[in-house]
Amino acid sequence: MNVDEPGARDGPFVRAATTADVEMIVRLILHENARPADAREIDKFVSSSPAVVALDGDDIVGFIYSRHFAPDIIEWRNSLVATAYRRTGLGRRLVVEME
């Protein structure tokens, strides 16, 4: 069983992000950083470039999204792991999934 299949391990499940995740990403940024995020900009990046989310149940608790900088280069645009999930290896798992 893959370690990032649902039920394979305790903790969040990491998967590719979709545009359906954008509103929860925006809410996580607002909650953790106390600043607004531009949902349209995030939607543009998530729909056109590599992006991943970490879910604990129905809640997004971490993410990374990127943008195409050049035909062969991806630029990391933003990432966040919820406070309660920091120092658990979740950030590393998100990075590995992006690779």
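Scroll up for the structure.
For clarity, every value in this text was computed on a predicted model and none was experimentally measured.

(A) Main features of helix H2 (residues 39-48). Taken residue by residue, H2 has Ile42, Phe45 and Val46 as its buried positions. With its buried residues spanning 95° around the axis, H2 presents them on a single face. Its side-chain oxygen placed 3.0 Å from the backbone nitrogen of Arg40, Asp38 serves as the N-cap of H2.

(B) Spatial organisation of the nonpolar core. Counting residues in each nonpolar core, the largest one holds 25 residues, and the members touching the most others are Ile25, Ile42, Phe63, Tyr65 and Leu94. At the level of secondary structure, the elements contributing two or more residues to this core comprise helix H1 (22-33), H2, strand E2 (51-56), strand E3 (59-70), strand E4 (73-81) and helix H3 (90-98). With sequence-adjacent residues up to four places away left out, Leu94 is seen in contact with Val14, Val52, Val53, Ala54, Gly62, Phe63, Ile64 and Val81.

(C) Representation of unusual backbone geometry within the structure. Its identity as a non-glycine residue notwithstanding, Ala34 has a phi of 55°, on the positive side. Structurally, Ala34 can be placed in the loop between H1 and H2. We classify Ala34 as exposed; its relative accessible area is 67%.

Thresholds applied
- Residues numbered from 1 in each chain as written.
- Predicted model: local features only at pLDDT ≥ 70, side-chain atom pairs only at ≥ 80, totals over all residues.
- Heavy atoms only, no water.
- Buried < 20%, exposed > 50% of the residue type's maximum accessible area, 1.4 Å probe, protein only.
- Helix = DSSP H or I, 4+ residues; strand = E, 2+ residues; numbered from the N terminus.
- Arc of directions from axis to C-beta.
- Polar contact = N/O pair within 3.5 Å; in protein donor to acceptor, adjacent residues only side chain to side chain.
- Core = buried A, V, L, I, M, F, W, Y, C linked by side-chain atoms within 4.5 Å.
- Contact = heavy atoms within 4.5 Å.

So far we have only geometry, and geometry alone does not tell us how the molecule works.
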